[in-house]
Amino acid sequence: MIPDSIIAYLQRHRVPFERRSHFRAIRAQSLAASLHVTGFQVAKTVILHAPDRLWLCVVSAPDTVDLGRVAEMLGVRRLRLAEESEFVDLFPECEAGAEPPFGQLYGLPVMVDEHLRHAGRLLFRAGSHTEVLELRFEEFLQLEEPLLGHIVRDRPRELAYAPAELHA
């Protein structure tokens, strides 16, 4: 179940969204399969540890964050994946592994991969392994005002992203 604080945050900022239930899924690609969508329509949150703070990085399910690119964007020498113990307390009402991308709500900066711009609508984890939020990418950008850039490892050409909307 999505925590009330997340729903209230979106409602307070007048962000239209839909809630979608699914079979319990821990991995983002499993989530996509359970909802019968491509993994490029599922946005996952990866938490990185920079020298001065944690960052929420939002990328599509099949992608892998390129730590070198992110470090260059942030102007830092050291960057690593955060350990769960370093951030689990920041999301007390959320299930571990289902951290939402709403950094404004949790006092964390957000960085988003440029590829997600092509999705139109995305599915976001929001504290639950059995329910997601669907919202337009542009609404998410306006809400979070994240850094935007190419932050994932390069994809093979056959994985070039091109889906339209989730709902036709």
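Residues numbered from 1 in each chain as written. Predicted model: local features only at pLDDT ≥ 70, side-chain atom pairs only at ≥ 80, totals over all residues. Heavy atoms only, no water.

Peer 1: Mind laying out the overall build of the protein, listing which residues take part and the relevant values?
Peer 2: Summing up its helical and strand segments, the protein has six helices and eight strands in all. Element order for the protein, N to C, with α for helix and β for strand: α-β-α-β-β-α-β-α-α-β-β-β-α-β. Dimensions of the protein along its principal axes, counting C-alpha atoms only, are 40 × 40 × 30 Å. The buried share of the protein, reckoned over its 168 residues, is 51%. Of the roughly 8700 Å² of accessible surface on the protein, 49% is carried by carbon and sulfur atoms. In the protein, which carries 19 positive and 24 negative side-chain charges, the distance between the mean positions of the two groups comes to 2 Å. (Helix = DSSP H or I, 4+ residues; strand = E, 2+ residues; numbered from the N terminus. Buried < 20%, exposed > 50% of the residue type's maximum accessible area, 1.4 Å probe, protein only. Areas by Shrake-Rupley, 256 points an atom, 1.4 Å probe, with all protein chains shown as cover. Lys, Arg positive; Asp, Glu negative; His and termini not counted. Charge placed at Lys NZ, Arg CZ, Asp CG, Glu CD.)

Peer 1: Now, about the nonpolar core: what can you tell me, with residues and values included?
Peer 2: Residues Ile 6, Leu 10, Val 58, Phe 91, Phe 102, Leu 133 and Phe 140 are the most contacted members of the largest nonpolar core, which totals 31 residues. Put simply, the parts of the chain that give this core at least two residues each are helix 1 (4-12), strand 2 (42-49), strand 3 (54-60), strand 5 (110-113), strand 6 (121-125), strand 7 (131-136) and helix 6 (137-144). Other than its neighbours up to four places away in sequence, Val 58 contacts Ala 43, Lys 44, Thr 45, Pro 101, Val 110, Met 111, Val 112, Asp 113, Leu 116, Phe 124, Phe 140 and Ile 151. (Core = buried A, V, L, I, M, F, W, Y, C linked by side-chain atoms within 4.5 Å. Contact = heavy atoms within 4.5 Å.)

Peer 1: Summarise the confidence of the model for the protein; cite the residues concerned and give the values.
Peer 2: Averaged over all residues, the pLDDT of the protein equals 89, while 92% of them reach at least 70. The weakest mean pLDDT in the protein belongs to helix 2 (residues 28-35) at 85; the strongest belongs to helix 1 at 97. (pLDDT = per-residue confidence, 0-100.)

Peer 1: Please set out helix 3 (residues 67-74) residue by residue, giving values where relevant.
Peer 2: Turning to helix 3, its buried residues are Val 70, Ala 71 and Leu 74. Projected onto a plane normal to the axis of helix 3, the buried residues spread over an arc of 100 degrees and lie on a single side. Looking at the buried positions of helix 3, the neighbouring elements they touch are strand 2, strand 3, strand 5 and strand 8 (147-149). Residue Asp 66 occupies the N-cap position of helix 3, its side-chain oxygen lying 3.0 Å from the main-chain nitrogen of Gly 68. Following helix 3 by one or two positions, Gly 75 adopts a phi angle in the positive range, close to 70 degrees. (Arc of directions from axis to C-beta. Polar contact = N/O pair within 3.5 Å; in protein donor to acceptor, adjacent residues only side chain to side chain.)

Peer 1: Would you mind going over the pairing of strand 6 in detail, with residue names and values included?
Peer 2: Of all the five residues making up strand 6, five are buried; the element is thus mostly covered by neighbouring parts of the structure. Bridging between strand 2 and strand 6 involves two bridges; their strand directions are parallel. Paired with Val 42 across the bridge in strand 6 is Leu 123. As paired strands, strand 6 and strand 7 are joined by five bridges and run antiparallel to one another. What sits directly across from Leu 123, in strand 7, is Glu 134. In this structure, the hairpin formed by strand 6 and strand 7 is closed by a connection of five residues, where Gly 127 is found at a positive phi of approximately 90 degrees. (Pairing = 2+ DSSP bridges.)

Peer 1: Before we move on, could you go through the pattern of salt bridges and cite the residues and values that matter?
Peer 2: Under the defined criterion, the tally for this structure stands at ten salt bridges. One salt bridge connects Arg 69 with Asp 66, and the closest N-O pair in it is separated by 3.7 Å. A residue is classified by how much of its surface remains accessible, and Asp 66, at 19% relative accessible area, is buried. Via salt bridges that share partners, Glu 18, Arg 20, Arg 121 and Glu 134 belong to a single interconnected network. (Salt bridge = Lys/Arg side-chain N within 4 Å of Asp/Glu carboxyl O.)

Peer 1: Could you give an account of the packing of aromatic side chains, with specific residues and numbers?
Peer 2: Summed over all chains, the structure comprises six aromatic pairs. Look at Phe 87 and Phe 91: their rings are 6.5 Å apart centre to centre, the planes differ by 80 degrees, and that puts the pair in the edge-to-face class. Neither residue differs from the other here; Phe 87 and Phe 91 are each classed as buried. Judged by centre distance (4.7 Å) and plane angle (50 degrees), the rings of Phe 91 and Tyr 106 are tilted. Of this pair, Phe 91 sits in the loop between helix 4 (84-87) and helix 5 (103-106) while Tyr 106 sits in helix 5, and the two are 15 residues apart along the sequence. (Phe/Tyr/Trp six-rings, centres within 6.5 Å; stacked < 30°, edge-to-face > 60°.)

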